[in-house]
Structure formats: C-alpha cells, structure tokens
Amino acid sequence: MTQDSEAIVGAGLKPAPTWDLKIERCKVLAERYPFAREILDFYLKLLTFQKGLYEEVKGNKAAFTIEKVGHPPQADDVPLLKKGLKALLPHSPSLLSIAREGPPLLAAIAKEVSSWGQTAWEAAIEDYQRSAYRAQPLFFFSRVLLQPYLQCAIEEVGAYCNTPLRTKKDDHAQRADTPVETRCPFCGHRPQAGCLRPMDNASQRFLICSFCHGEWPYQRLSCSNCTESDKTKLSYIVAEGWPAVRLDTCETCGQYIKTIDLGKDPEAVPVVDELATIPLDVWAREKGYEKLELNLVGI
Ligand SMILES: [Zn+2]
Ligand SMILES: [Zn+2]
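Residues numbered from 1 in each chain as written. Chains lettered and ligands numbered in written order. Predicted model: local features only at pLDDT ≥ 70, side-chain atom pairs only at ≥ 80, totals over all residues.

**Student:** Describe the packing of helix H3 (residues 37-59) against helix H8 (residues 139-156), naming the residues involved and giving the relevant values.
**Tutor:** Where H3 meets H8, the closest approach of the two axes is 9 Å, and the angle between their N-to-C directions is 40°. When the axis of H3 is compared with that of H8, the two are oblique. The chirality of how H3 crosses H8 is right-handed. Contact residues: Leu46, Gln50, Leu53, Tyr54, Val57 and Lys58 in H3; Val144, Gln147, Pro148, Tyr149, Gln151 and Cys152 in H8. (Axes fitted to C-alpha atoms, helices over the stretch in contact; angles between N-to-C directions. Helix = DSSP H or I, 4+ residues; strand = E, 2+ residues; numbered from the N terminus. Parallel < 35°, antiparallel > 145°, perpendicular 65-115°, else oblique. Left-handed = near helix turned anticlockwise from the far one by under 90°. Contact = placed C-beta atoms within 7 Å.)

**Student:** I'd like a rundown of the packing of helix H2 (residues 19-32) against H3, residues and numbers included.
**Tutor:** Axis separation between H2 and H3 bottoms out at 9 Å; the angle between their running directions is 165°. Here H3 runs roughly antiparallel to H2, going by the angle between their axes. With respect to the hand of their crossing, H2 and H3 are arranged in left-handed fashion. Where H2 abuts H3, its residues Trp19, Lys22, Ile23, Cys26, Lys27, Leu29 and Ala30 lie against Arg37, Leu40, Asp41, Tyr43, Leu44, Leu47, Thr48, Gln50, Lys51 and Tyr54. Class assignment of the residues belonging to the contact of H2 with H3 gives a composition of 10 nonpolar, 2 polar and 5 charged. (Nonpolar A, V, L, I, M, F, W, Y, C, P; charged D, E, K, R; others polar.)

**Student:** Can you explain the pairing of strand S2 (residues 202-209)? Please cite residues and give values.
**Tutor:** Here strand S1 (residues 191-199) pairs with S2 via 8 bridges, running antiparallel. For Met199, the partnering residue across the bridge sits in S2 and is Ala202. (Pairing = 2+ DSSP bridges.)

**Student:** Can you explain the environment of Tyr289? Please cite residues and give values.
**Tutor:** Locating Tyr289 in the fold gives a position in the loop between helix H10 (278-286) and strand S7 (290-291). A residue is classified by how many C-beta atoms lie within 10 Å of it, and Tyr289, with 21 of them, is buried. For the pair formed by Tyr289 and Cys250, sequence separation is 39 residues and the distance between their alpha carbons is 8.3 Å. Beyond its immediate stretch of four places on either side in the chain, Tyr289 contacts Thr249, Gly254, Gln255, Tyr256 and Ala284. (Buried ≥ 20, exposed ≤ 12 C-beta atoms within 10 Å, placed from the backbone.)

**Student:** Account for the environment of Tyr43, with residues named and values stated.
**Tutor:** Of note, Tyr43 is situated in helix H3. Once the C-alpha coordinates of Tyr43 and Leu296 are considered, the two residues, 253 residues apart in sequence, prove to be 7.9 Å apart. In contact with Tyr43, not counting residues within four places along its chain, are Cys26, Leu275, Leu296 and Val297.

Given below as structure tokens:
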C-alpha cells in the first residue's frame, strides 16, 4: 500500500488494491481455473494497460487536472468524468487494439468505435449516467480508461473519506452502527462484489465499488441493492468446490452479488476472484437472478 493510500483509510473504508496485486492474482487464477483462462488472460492485458495509465496520471497530476478537482469524481459529475476522459483519450487506440483481441462482443464494438472523436466518447459517459450502460457494453471502454484516473483522484483528496456513511439505526436485529450505504462513498457507483474480512473473533462484510474498486463496510444481513434485511428473502449460497466464494441473492429485488470470504482464502483479491468464478454467474442466471453490476469483461 502506498503512503497516499494509507492516508485515505478512514471510517472503515479501504482504497482499491494495487494494480500489481490484481495482476498477480489474475495470473494465479488463470493457472488454477482453465475454464476461465481466456477471460483472465484478457483481463490481465486490461490490468497491465490500466497500471500504465495510473502511473502516467500519478506522475503528472497537473496535466490531468486532478489537483484542481478538490473532491473525488462522483457518479453524477459528468463534466469531471468528461475532463478525465479527455485527458486519457490519446490512449484509446491502445485499448481498442486490446479489445479487438477480446471477447467477440467487445471486439465488435471496438471495431465500431475506432473512428470515434471526443464527442462520441463524451456521449458514452452521458449514457452511463442515464444508467443505460448496463445494457450496452460500450461503457466498458470509458470505465477502463477512467478507473486509474479515479484511483489517483481519490488518493489525492483523502479527506473526503471522513464523511460518515448512512446507518440503519432502526433495525435491532443488526448492529445499528454498521452502514447500509449501497453506493460507493468514494465515487458514488454501485458495488461489483463483496468480501468478508476476518476481524477479532468475527468477520466484517464490505462492498467493493464497480468503478474505483474502493471498499466500504456494509451490514452483514442486508441486500446490497435494495437493503432488504428479512432473512426469509435473502440467501447465501456456497457451491461445492468454491468454499471462499458465496452468492448473495435477494428475492425482493431479484439481484445477486458475489462475496469473497478472505478468512477462507486470504490470498484472494475480490474483484479478480469475482471475475474468475464464471460458473457461479451461469448458475445464478439460470435461477433467474440478475447481477447487480457487470464486471469489466461483461459478466
Ligand atoms: Zn467507487
Ligand atoms: Zn434486494
């Protein structure tokens, strides 16, 4: 963890894992899970590309306007995201050439957008804000470009993280001081996955942002989408052969999310393990559940 990252840990919030941690875990899981090898090899290329962007932004913050920002980009801050995207667009040809070698859907879109100018990219950002992105993998490209930018911006304005999270004081069945914030307190986006971190004699549940990969504490028995806390509506399913990965499903909103138990696999890097465990997504969709947030490879 860098000194910058340490500075922003507060109120139980955790910054994104380093790019190197994600890269190393991706290599380990590509060896372990042959069925996910192709997807993980593709993700490895994306992570390596993103690490390069991160280092460039970090090394020249003024050119990327991060010093003038004063707060992390929020989900509804379109002008700011556009500004970041504008600074990063010169890297889009490299990203498009990676995507052309990726899953067929992304390869087809990469071909389509290769002639885009800035206006078209900005329109993609606005589509994302309108939440139309979930049905269109187009936003994949701006998410890959903006993730490293967001991480630098968040590290730069760590004081923001002292903002208290919303808590659920009226629910006596659960610890009243544990937050139920379903949006990332760093950047306002929805969770990609969850994790359980061993603490003292129990473990604390965290949610992990789909955009900046930051973590925030969350109630153990509560849907990470609709905050349902009726135990009869929530299921926690562990499949045979995947002891450290759990599917959290909710009958009220029909969504699911994966939770990685770091007590059972301390080496896991949740956003990478989430992406590698594809058979669990297949199972959940067959049962009629919808994933709360698609990952970078569109699963
Ligand atoms: Zn975030
Ligand atoms: Zn729900």
